[in-house]
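Residue-level structure breakdown
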Amino acid sequence: MLKLHNSLTNKNDEFKEIEKGIVKMYTCGPTVYYYQHIGNMRAYIFMDSLRRVLKYNGYKIKGVMNVTDVGHLTSDEDSGEDKMLLASKRENKRPEEIAKYYADIFFNDLKKLNIDIPENITYATKFIPQMIEFIKGLEKKGYTYKIDDGIYFDVQKFPSYGQLSHKDLEKTGNARIEENVNKHHPFDFALWKFVAPNHIMKWDSPWGEGCPGWHIECSAMGKTLLGDNFDIHTGGIDHKTVHHEDEIAQNDALAGHRVVNYWMHNEFLLVDGGKMSKSLGNIYTLSDLEKKGFSAMDFKYFCLNTHYSKKLNFTFEGLKASSNGYKSLKNLIREHKNGNAKTDSASLQKYEAEFLNAINDDLNIPLAIGVMFTMLKDLDFSKDVYNLALKFDKALGLELDKEEKENKNTIPNEIVELAKLRLNARRNKDYKKSDEIRDEILKRGFIIKDTKDGFEIEKKN
Ligand code: AMP
Ligand code: ZN
């Protein structure tokens, strides 16, 4: 029996699909005005585990993940600046160019992480008419009102508002001070925002030119592709209190019944014990880790060893330990691949059952990896064990059968040391020596580039 933690009931509920054998699932995707960091990647690694475990149990999946390529505001609520526009100004590019650039990098990262990508990837800008229809539907049912800067959802008309995060409409103590004072209730949120005439991203609507509220994107895309009742909705824990409450309000108000059966949330990845932030300079992307010699898979293995619902603290020491663990796992797999022993089926069945119990207990992947490790260590080297480990890998997505590729971004230590010597020489204005070292580095197959803060090294193609 597959059990999943449902944020709606706050329990591990038995999973029962709506349509036999099929799981309809929506994942909140990235906002592509900047790089997605390794914390964001944890959310997609969680989605990957869920998709894989469902498939391991024989389900087919109809998955949707959105890409937010319209601007949304710098806060979850409706205040702040439009992030896409900020990026557009910062990089002097059109919003479409910004979105394409960061979306390409994002999908490349998912590929490196061997993430099982949802069947439907939906770009918000392609669903504006559906969003407008959705808002019109809510308007017709009396859930909306208009004020100076947009069309708003009236949460007081939806008394069960707050069911995910147990927010009480009477207790608005946490509501932010800079709220729009014209709103009827602090929790009311924008469905459609009017924008200034010189705004670049805007669309026509029955209410005037503007752009959609952020939450309506997910509701409209979910409804269009998955219908008025679907199985699972996932996202990071930060989305639980506002974005997902607002999605539920919109969905259920329009449909007149509960739309999503299971809401699932991954906990945060912390860095050095805290939030990643620009001011601390600790926002890492996958490519930052690669530059330090780690592979995307090292990071995935690092994440998979902590349950998705627990906070995970990222440190480079922790990542190093995971990288070593991942290497020993692959070494053991290789030994079994080349092994000649025969394994009795009772032993295999025992491990198979333990593995299934672990993954079906709300995706206890850390335990499942432990079961696999024990199996690999305790049984004599045999192809039967190898084959079972590969079956397990369908649920883990760790590319256990792939020979370790040389990470093209890994720069050997001796090259880094040479580069440091060269930097010193340059700083001492000993250009003859610095050129000699550069040539030596080139001879060994690497190119060194000077940067503002030091140097960058690349492998010669
Ligand atoms: P965003 O592009 O900000 O909407 O984030 C994309 C996804 O990453 C969402 O599901 C977020 O909840 C999730 N997320 C953001 N930061 C973190 C973090 N530090 N750890 C885990 N998940 C995160
Ligand atoms: Zn969403």
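Coordinates for the structure precede this section.
Owing to the predicted nature of the structure, the values given are computational and were not obtained by experimental measurement.

1. Overview of the overall build of the protein
Of regular secondary structure, the protein possesses 14 helices and 15 strands. Relative to the 2.2 N^0.38 estimate, which gives 23 Å for 461 residues, the radius of gyration of the protein is 25 Å and therefore close to what a compact globule would have. The C-alpha extent of the protein, read off along each of the three principal axes, is 70 × 70 × 35 Å. Buried positions account for 53% of the 461 residues belonging to the protein. Considering only contacts within the protein whose residues lie at least 6 apart along the sequence, 75% involve residues at least 24 apart. For the protein, the exposed area adds up to about 21800 Å²; of that, 50% sits on carbon and sulfur atoms. Mean positive and mean negative side-chain charge positions of the protein (69 and 70 charges, respectively) differ by 4 Å.

2. Section: the nonpolar core
Among the nonpolar cores identified, the biggest contains 122 residues, and L54, F153, I232, F299, F314 and L398 are the most heavily contacted of them. Considering each element in turn, this core owes the most residues, ten residues, to helix 1 (residues 38–56). If we ignore the near neighbours within four places in the chain, the residues touching L54 are L2, F15, V23, M25, Y59, I61 and I232. Formed by nine residues, the second largest nonpolar core is a distinct cluster that contains L418, A419, I437 and I441.

3. With respect to the site of ligand 1
Taken together, 18 residues are adjacent to ligand 1, and G39, N40, G236, D238 and L269 come closest. Between ligand 1 and H239, the relevant distance is 3.4 Å, taken from an oxygen atom to a side-chain nitrogen or oxygen of the residue. The contact in question runs from a nitrogen atom of ligand 1 to an N or O atom on the side chain of N266, over 3.3 Å. Contact with the protein chains removes 91% of the 490 Å² of surface that ligand 1 exposes when unbound. Listed by contribution, the elements that provide at least two residues to the shell around ligand 1 are helix 1 and strand 10 (230–236). With four residues, the top contributor of residues to the shell around ligand 1 is helix 1. For the shell around ligand 1, a count of residues per class yields six nonpolar, ten polar and two charged.

4. Some words on the side chain of D69
The residue D69 is located in the loop between strand 4 (60–67) and helix 2 (83–91) in this model. One buried charged residue, D69, remains without a salt bridge, the closest side chain of opposite sign being K126 at 5.4 Å. Side-chain polar atoms of D69 contact the backbone nitrogen of A124, separated by 3.2 Å. Apart from residues lying up to four places away in sequence, D69 is in contact with V32, M84, A99, Y123, A124, T125 and M201.

5. What to know about the side chain of T27
On the secondary structure map, T27 appears in strand 3 (residues 22–27). Apart from residues no more than four positions distant in its own chain, T27 is found in contact with M47, V64, M65, N66 and T234.

6. What to know about helix 2
For helix 2, every residue scored as buried is listed here: K83, M84, L85, A87 and S88. On its buried side, helix 2 packs onto helix 3 (95–112). Phi turns positive, to about 55 degrees, at N92, one or two residues after helix 2.

7. Notes on empty space enclosed by the protein
Counted by the stated rule, this structure contains five cavities of 30 Å³ or more. Within this model, the largest cavity holds a volume of roughly 110 Å³. Forming the boundary of the largest cavity are R42, I45, F46, S49, C303, L304, T306, H307, Y308, L363, I365 and P366. Secondary structure elements with two or more residues in the lining of the largest cavity: helix 1, helix 8 (296–304) and helix 11 (365–378). A per-element tally of the lining of the largest cavity places helix 1 first, with four residues. Within the lining of the largest cavity, the residues separate by chemical class into eight nonpolar, three polar and one charged. Taken as a whole, the second largest cavity holds about 80 Å³ of empty space. In this structure, the second largest cavity is lined by ten residues; those nearest its centre are R334, L400, D401, K402 and E403. The element contributing the most residues to the lining of the second largest cavity is helix 9 (residues 316–337), with four residues.

8. Details of the pattern of salt bridges
Applying the stated rule across the entire model yields 31 salt bridges. Between R94 and E97 there is a salt bridge; the shortest N-O distance is 3.9 Å. For the salt bridge of K112 with E290, the shortest nitrogen-to-oxygen distance reads 3.0 Å. One end of the pair, K112, is in helix 3; the other, E290, is in helix 7 (residues 286–291), and 178 residues separate them in sequence. On the basis of relative accessibility, which here comes to 30%, the residue K112 falls in the partly exposed class. A residue is classified by how much of its surface remains accessible, and E290, at 8% relative accessible area, is buried. In this structure, a network of salt bridges that share partners links the residues R51, K55, D116 and E119.

9. Side note on a nonpolar patch on the surface
There is a patch of nonpolar side chains on the surface, built from Y34, Y35 and Y101 and spanning about 270 Å² of accessible area. The topology assignment puts Y101 in helix 3.

10. Some points on the packing of helix 9 against helix 11
Across the interface, helix 9 lies against helix 11 with an axial gap of 10 Å and an inter-helix angle of 45 degrees. Between helix 9 and helix 11, the angle falls in the class oblique. Of the two possible hands of crossing, helix 9 and helix 11 adopt the one that is left-handed. Of helix 11, the residues touching helix 9 (which contributes G325, L329, L332, I333 and H336) are M372, F373, L376 and K377. Among the residues forming the contact of helix 9 with helix 11, the class breakdown is six nonpolar, two polar and one charged.

About the cut-offs
- Residues numbered from 1 in each chain as written.
- Chains lettered and ligands numbered in written order.
- Predicted model: local features only at pLDDT ≥ 70, side-chain atom pairs only at ≥ 80, totals over all residues.
- Heavy atoms only, no water.
- Helix = DSSP H or I, 4+ residues; strand = E, 2+ residues; numbered from the N terminus.
- Rg over C-alpha atoms; globule rule 2.2 N^0.38 Å.
- Buried < 20%, exposed > 50% of the residue type's maximum accessible area, 1.4 Å probe, protein only.
- Contact = heavy atoms within 4.5 Å.
- Areas by Shrake-Rupley, 256 points an atom, 1.4 Å probe, with all protein chains shown as cover.
- Lys, Arg positive; Asp, Glu negative; His and termini not counted.
- Charge placed at Lys NZ, Arg CZ, Asp CG, Glu CD.
- Core = buried A, V, L, I, M, F, W, Y, C linked by side-chain atoms within 4.5 Å.
- Near = heavy atom within 4 Å.
- Polar contact = N/O pair within 3.5 Å; in protein donor to acceptor, adjacent residues only side chain to side chain.
- Nonpolar A, V, L, I, M, F, W, Y, C, P; charged D, E, K, R; others polar.
- Salt bridge = Lys/Arg side-chain N within 4 Å of Asp/Glu carboxyl O.
- 1 Å grid on protein atoms, 1.4 Å probe; cavity = no way out; pocket = protein on both sides within 12 Å on 5 of 7 lines; lining within 4 Å.
- Points joined across faces, edges and corners; volume = space filled by probe spheres on them.
- Patch = residues over 30% accessible without salt bridge, like charges linked within 9 Å, V, L, I, M, F, W, Y side chains within 5 Å.
- Axes fitted to C-alpha atoms, helices over the stretch in contact; angles between N-to-C directions.
- Parallel < 35°, antiparallel > 145°, perpendicular 65-115°, else oblique.
- Left-handed = near helix turned anticlockwise from the far one by under 90°.

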